[in-house]
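Architecture and fold: a report
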Amino acid sequence: MRLSRYFLPALKENPAEAQIASHRLMLRAGLIRQEAAGIYTWLPAGLRVLRKIEAVVRDELDRAGALELLMPTLQLADLWRESGRYEAYGPEMLRIRDRHERELLYGPTNEDMITAIFRAHVKSYRALPMNLYQLQWKFRDEQRPRFGVLRGREFLMKDAYSFDLDEAGARRSYRRMFVAYLRIFARLGIRAIPMRAETGPIGGDLSHEFLVLAPSGESAVYCDRGMLELPIPGDDIDYDGDLEPIVRQWSSLYAATEDVHDIERFERDVPAERRVQARGIEVGQVFYFGTKYSQPMKAAVTGADGAERAIHGGSYGIGVSRLVGAIVEAGCDEAGIVWPEPVAPFRVGLIDLDPADATVSAACEYLYAQLQARGVDVLLDDTGERAGVKFAHMDLLGPPWQIVVGRRGLERGVVELKRRATGERTELTQEDALARLS
Ligand code: ATP
Ligand code: MG
Ligand code: MG
Ligand code: MG
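Remember, it's a predicted structure, so these values are computed and weren't measured experimentally. (Residues numbered from 1 in each chain as written. Chains lettered and ligands numbered in written order. Predicted model: local features only at pLDDT ≥ 70, side-chain atom pairs only at ≥ 80, totals over all residues.)

Examining the environment of Ser315
- Mapped onto the elements, Ser315 comes out in strand E16 (residues 312-319).
- Overall, the presence of 25 C-beta atoms within 10 Å leaves Ser315 in the buried class.
- For the pair Ser315 and Ser162, spaced 153 residues apart in the sequence, the C-alpha separation amounts to 6.4 Å. (Helix = DSSP H or I, 4+ residues; strand = E, 2+ residues; numbered from the N terminus. Buried ≥ 20, exposed ≤ 12 C-beta atoms within 10 Å, placed from the backbone.)

See below:
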């Protein structure tokens, strides 16, 4: 992409309404634009990040055996009456009437609808276990939308739903998602810690929240320092194998959000020097809720013995749009965003210091074409701005690598390669720079 042809509406001033770094930087870099409280447009560069996160989520869930579908954002209120939570859900639900006075709602979550889909088509235990997921926008009329995409009203969620014949099967499905979550967050370049959690309006008796530690987090969290060092399951993970040892390892150390925190246990089980008290951003949550929806909605299958039983369910959410903000919170500095490689809108920012100079421009064109041919996402700053402005702008946008091309370097046969995270700069030939990045 050439910056001169791109739509990256960066702001010069710090937006007054943005209290935390990720909100400020996402607005300033031109990733998002606020349309109403908690409602955002994803501008081209922001959308690239969102899509990269989606791709990792999809890849890992598909590997774990889940099947993607797409449900509508609008749902019938009657479905929620059937499951018994239409009234209970409260003012977070956006209730809508169509021209025929039919009551609809903009889905805040989809347990009810997926249960209706399942019961209409699956009748036998042979189809189980089944896990269906989607990446779809949700709406929750949050009391205090704030912190940009961290707490939006309209937000993108990955929601998965598992169906099993009995509790033992459902717990296997739960473990599969637990392990997939460990891998997804690690692949996105962040560390999210699973913590025992309250089940809230989704219901059920077993749940973990995954939290990224950050001072701006809305939850107080308590854990054993050991949680920060546990190994992430590798690429060779077998999702059909026994995942119990992994989940046991990850749930044996103390880790709890404030809702379920037990001070006595914390002080008894965790030595003082290993106690971490911090703030966290909830980026995902997994629930096992048994027959909470299948009972009232009569979602049953016939078992091997011919008897009908209500299925055991679980649901598994990831805040995809919230993750963009959480990743920025976890990696930024005074100059701007520092993207982890897997989600960066561009992997390389290529800076042309003298667009008026034919030799410099030719070198940039060459590098630009070569990087693209090697499948590297590159943004070429070919604008007529001053060098200082270009440097500041590229640091703000945060691609993990910058290549700076100027006349003086070229005369000595070199370009400069800068690593955004450390600021470390190396002079090397164009060919060596290309080799380092492909
Ligand atoms: P929170 O405690 O932050 O209100 P939640 O527990 O109500 O979140 P869940 O019902 O567990 O949310 O939804 C699954 C995921 O969706 C959450 O883990 C979070 O990452 C994301 N999410 C929930 N609410 C929002 C929101 N208002 N804006 C952005 N992402 C959200
Ligand atoms: Mg909430
Ligand atoms: Mg929560
Ligand atoms: Mg939650």
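As for the site of ligand 1
- Taken together, 15 residues form the shell around ligand 1, and within it Phe155, Gln285, Gly317, Gly319 and Arg322 come nearest.
- Elements with a contribution of two residues or more to the shell around ligand 1: strand E8 (154-164), strand E13 (275-290), E16 and helix H9 (320-330).
- In terms of residues, the shell around ligand 1 owes the most to one element, E13, which gives 4 residues.
- Here the residues of the shell around ligand 1 are counted per class, giving 3 nonpolar, 7 polar and 5 charged. (Near = placed C-beta within 6 Å. Nonpolar A, V, L, I, M, F, W, Y, C, P; charged D, E, K, R; others polar.)

Let's talk about helix H4 (residues 111-121)
- Restricting attention to buried positions, one finds in H4 the residues Glu111, Asp112, Ile114, Thr115 and Phe118. Buried residues of H4, seen end-on, are gathered within an arc of 165° and therefore sit on one face of the element. Opposite the packed face of H4, turned more than 90 degrees from it, sit the exposed residues Ala120 and His121.
- Those residues of H4 hidden inside the fold are in contact with helix H3 (77-83), strand E7 (130-139), E8, helix H8 (294-297) and E16. (Arc of directions from axis to C-beta. Contact = placed C-beta atoms within 7 Å.)

Quick word on the packing of helix H1 (residues 21-29) against H9
- Two elements in contact, H1 and H9, have axes whose closest approach is 8 Å; the angle formed by their N-to-C orientations is 105°. When the axes of H1 and H9 are compared, the pair comes out roughly perpendicular. Every residue of H9 that contacts H1 at Ala21, Ser22, His23, Leu25 and Met26 is listed here: Gly325, Val328 and Glu329.
- Residue classes in the contact of H1 with H9 are distributed as 4 nonpolar, 3 polar and 1 charged. (Axes fitted to C-alpha atoms, helices over the stretch in contact; angles between N-to-C directions. Parallel < 35°, antiparallel > 145°, perpendicular 65-115°, else oblique.)

Structural notes on unusual backbone geometry
- The omega torsion of the bond from Leu128 to Pro129 falls at 0°, within 30 degrees of zero and hence cis.
- Summarising the element assignment, Pro129 is placed in the loop between H4 and E7.

Digging into helix H11 (residues 387-397)
- When H11 is considered as a whole, its buried residues turn out to be Lys390, His393, Met394, Asp395 and Leu397.
- At its buried positions, H11 is contacted by H1, strand E18 (336-337), strand E19 (348-352), strand E20 (378-381) and strand E21 (401-405).
- Backbone geometry just after H11 places Gly398 at a positive phi near 80°.

Here's the deal with the sheet that holds strand E22 (residues 415-419)
- With mixed pairing, 5 strands are arranged side by side in an open sheet as E20-E19-E21-E22-E23. Only two strands of the sheet have a single partner each, and these edge strands are E20 and strand E23 (425-428). In this sheet, adjacent strand axes meet at a mean angle of 20° when their direction is disregarded.
- Sheet topology note: the E21/E22 ladder contains 4 bridges and is antiparallel. (Pairing = 2+ DSSP bridges.)

A few points about the sheet that holds strand E6 (residues 103-106)
- Here we have 3 strands laid out as an open sheet, ordered E4-E6-E5, and antiparallel in their pairing. The sheet terminates laterally at strand E4 (74-76) and strand E5 (94-97), the two strands that pair on one side only. Strand-to-strand twist across the sheet, computed as the mean angle between neighbouring axes with direction ignored, equals 40°.
- The sheet contact formed by E5 and E6 spans 4 bridges and is antiparallel. Within the sheet, the bridge partner assigned to Arg95 lies in E6 and is Leu105.

Limitation: the analysis is restricted to geometry and does not speak to function.
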